[in-house]
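Residue strings, one per chain:
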Amino acid sequence: MALINENYLKLKAGYLFPEIGRRVREFEQANPEAKIIRMGIGDVTRPLVPSVVKAFHEGVDEMAASASFKGYGPEQGYAFLREAIAANDFQARGVNISADDIFISDGSKCDTGNIQEIFGAANKIAICDPVYPVYADTTVMSGKTGVCMDNGYFENIIYMPCTEANGLLPELPAERPDLIFLCFPNNPTGTVASREVLKTWVDYAIANQSIILYDAAYEAFITDDTIPHSIFEIEGAEKVAIEFRSFSKTAGFTGTRCAFTVIPDGLMAYDSEGNAHKVKPLWMRRQTTKFNGVSYPVQKAAAAIYTEEGKKEVAEVIAYYLENARIMRESLTALGFKVYGGENAPYVWVKTANGLSSWDFFDLLLHKANVVGTPGSGFGPSGEGYFRFSAFADREKVIDAMSRVKAVI
Ligand code: MLT
């Protein structure tokens, strides 16, 4: 008899974004004439920039000629890409991360989920509430939790509510966690963490022998020079943190797929007898067993982001999305919404109008304005009564969406 992984049965609803997709499709079928504006899932809309497209084509051409054809690449990623990342994203900021600490992958969603495999089931995980659902769901899937309780929380997860009262920033938990998921700039709230805030977390992790799983997928949207782009800008973080980065939002790779995870050589975790082990070789072992790397043309395309031209082109796209976010912030504020995020982040987090629940507000906007956003409660109980707008949309649609929202609230 084939037995299932019963942890999957603990997951109550479907994954958030397919559920939104299902509701939108249902509405579309019933209202085929509706012109829907999608600002729900954070999926980019601007095309790949010219430098990336050129490198992508060159990569394909190399694959088409026997002299330059490539089969399996290195599981950790090609050195040319890892070296460009180490030099530009870390060493240029005075951070001591080398190409050997970098693992190229096909996405941060996969990496933030898969990383759980190299940590034992007895680990206690801390996550923010609201949170990017992947951290919570993969914690459940990996058997580290009990069942989902009536309040929407899973047994054995340490939740860190991020509310208006604490400025949407997690507070140090009363109970000691082994693994701590943090995401800045934050998805879904768009909040950023200052150097002081990150230092508090690094010091806490050092004192508690915990590891911070730091999702920096949106770092490219930071325009404030005082905000760190990497947790490794904080002294001591190389002993207690893993960082996840992605080209998805930085350079429009959601459909192309390329990301990377950084595990410093000195990062240690412990066995049940308290002996310390390096974490990096475990991830290397996992990747070499289960992953054959990202395709050569995609890695070549990703490396083009680090050329002078590529940097300029990508910065223009980021500025475009940030301008969308500014327009949204200002329009929604003028309409009387309480608005967060959207300044160093592509997400704008608002309190719903008239005290509506997140899903009621979702339905109102979908049905009356034909605008799709993401209900805050889909990110956790503390997201109830909030709504997330994504700035990854075409400018005229953002402007149109804001006037449609105005007309229905
Ligand atoms: C989101 O909308 O939260 C993101 O697109 C999800 C993701 O990056 O997987």
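What you are looking at is a predicted structure, and each value in this text was computed from that prediction instead of being measured.

Parameters at a glance
- Residues numbered from 1 in each chain as written.
- Predicted model: local features only at pLDDT ≥ 70, side-chain atom pairs only at ≥ 80, totals over all residues.
- Heavy atoms only, no water.
- Phe/Tyr/Trp six-rings, centres within 6.5 Å; stacked < 30°, edge-to-face > 60°.
- Helix = DSSP H or I, 4+ residues; strand = E, 2+ residues; numbered from the N terminus.
- Buried < 20%, exposed > 50% of the residue type's maximum accessible area, 1.4 Å probe, protein only.
- Near = heavy atom within 4 Å.
- Polar contact = N/O pair within 3.5 Å; in protein donor to acceptor, adjacent residues only side chain to side chain.
- Areas by Shrake-Rupley, 256 points an atom, 1.4 Å probe, with all protein chains shown as cover.
- Nonpolar A, V, L, I, M, F, W, Y, C, P; charged D, E, K, R; others polar.
- Domains from an automatic or database assignment.
- Pairing = 2+ DSSP bridges.
- Right-handed = clockwise from strand over helix to strand, strands pointing away.
- Salt bridge = Lys/Arg side-chain N within 4 Å of Asp/Glu carboxyl O.
- Contact = heavy atoms within 4.5 Å.
- Buried area = accessible area lost by both parts, 1.4 Å probe.
- Axes fitted to C-alpha atoms, helices over the stretch in contact; angles between N-to-C directions.
- Parallel < 35°, antiparallel > 145°, perpendicular 65-115°, else oblique.
- Left-handed = near helix turned anticlockwise from the far one by under 90°.

Under the defined criterion, the tally for this structure stands at 24 aromatic pairs. Their ring planes at 70° and their centres at 6.1 Å tell us that Trp349 and Phe379 sit as a pair that is edge-to-face. Of the two residues, Trp349 sits in strand β12 (residues 347-351) while Phe379 sits in the loop between β14 (374-375) and β15 (386-390), which places them 30 residues apart along the sequence. Phe379 carries the same exposure label as Trp349, and that label is buried. Relative to Phe362, the ring of Trp359 has its centre 5.0 Å away and its plane inclined at 70°; by these criteria the two rings are edge-to-face. Of this pair, Trp359 and Phe362 both sit in helix α12 (residues 358-369), three residues apart, roughly one helical turn.

Right, let's get into the site of the ligand. Neighbouring the ligand are Phe17, Ile41, Gly42, Tyr132, Asn187, Tyr218, Lys249, Tyr347 and Arg388. Here an oxygen atom of the ligand and a side-chain polar atom of Tyr132 are 2.6 Å apart. Against a free-state accessible area of 270 Å², the protein chains account for coverage of 85% of the ligand. When the residues that make up the shell around the ligand are grouped by side-chain class, the tally is five nonpolar, two polar and two charged. Both domains that meet at the shell around the ligand, namely domain 1 (12-47 + 309-408) and domain 2 (53-307), each give it at least three residues.

Once that is clear, we can look at the pairing of strand β3 (residues 125-129). Along β3, five of the five residues are buried, which leaves the element largely enclosed by surrounding structure. Side chains Ile125, Ile127 and Asp129 project from β3 onto one buried face, and the interleaved Ala126 and Cys128 project onto a second face that is buried too. With five bridges joining them, β3 and strand β4 (residues 157-161) adopt parallel strand pairing. Residue Ile125 lies in a different strand from β4, and its bridge partner there is Ile157. A crossover links β3 with its parallel partner β4, the connecting element being helix α6 (residues 133-141), and its sense is right-handed.

Attention now moves to unusual backbone geometry. Geometrically, the link from Asp129 to Pro130 is a cis peptide bond, its omega value of 5° lying close to zero. Tracing the sequence through the fold places Pro130 in the loop between β3 and α6. With a phi close to 65°, Leu168 is a non-glycine residue in the positive phi region. Here Leu168 falls in the buried class, since its relative accessible area comes to 3%. For Asn370, which is not glycine, the phi torsion reads 55° and is therefore positive.

By the secondary structure assignment, Val134 is in helix α6. What makes Val134 buried here is its relative accessible area of 5%. Taking the C-alpha atoms as reference points, Val134 and Thr112, separated by 22 residues in sequence, lie 7.5 Å from one another.

The next point concerns the pattern of salt bridges. Scanning the entire structure with this criterion turns up 30 salt bridges. Its salt-bridge partner being Glu219, residue Arg245 comes within 3.5 Å of it at the nearest N-O pair. In this pair, Arg245 is assigned in strand β7 (residues 241-246) and Glu219 in the loop between β6 (211-215) and β7, connecting sequence segments 26 residues apart. In the salt-bridge network here, residues are joined through shared partners; they are Glu19, Arg22, Arg23, Glu26 and Asp363.

Another point: the domain arrangement of the protein. If you check the domain split of the protein, you get domain 1 (12-47 + 309-408) and domain 2 (53-307). Relative to domain 2, the C-alpha centre of domain 1 lies at a distance of 25 Å. Listed as interface residues are 33 residues of domain 1 and, on the opposing side, 41 residues of domain 2. Carbon and sulfur atoms supply 60% of the area that domain 1 and domain 2 bury against each other, a total of about 2,800 Å² over both sides. When the buried area of domain 1 at its contact with domain 2 is split by residue, Tyr15, Asn344 and Phe379 rank highest and sum to 23% of it. Here domain 1 is connected to domain 2 by two salt bridges. When contributions to the side of domain 1 that touches domain 2 are tallied by element, the ones reaching two or more residues are α11 (308-334), β11 (339-341), β12 and β15. By residue class, the composition of the side of domain 1 that touches domain 2 is 16 nonpolar, nine polar and eight charged.

Right, let's get into the packing of helix α3 (residues 50-63) against helix α10 (residues 296-303). It is the contact of α3 with α10, at a shortest axis distance of 8 Å, that shows an interaxial angle of 150°. Between α3 and α10, the angle falls in the class roughly antiparallel. Crossing of α3 against α10: the hand is right-handed. Along the contact surface, α3 presents Val52, Ala55, Phe56, Glu58, Gly59, Val60, Glu62 and Met63, while α10 presents Tyr296, Pro297, Val298, Lys300 and Ala301. Across the contact of α3 with α10, the residue classes break down as nine nonpolar, one polar and three charged.

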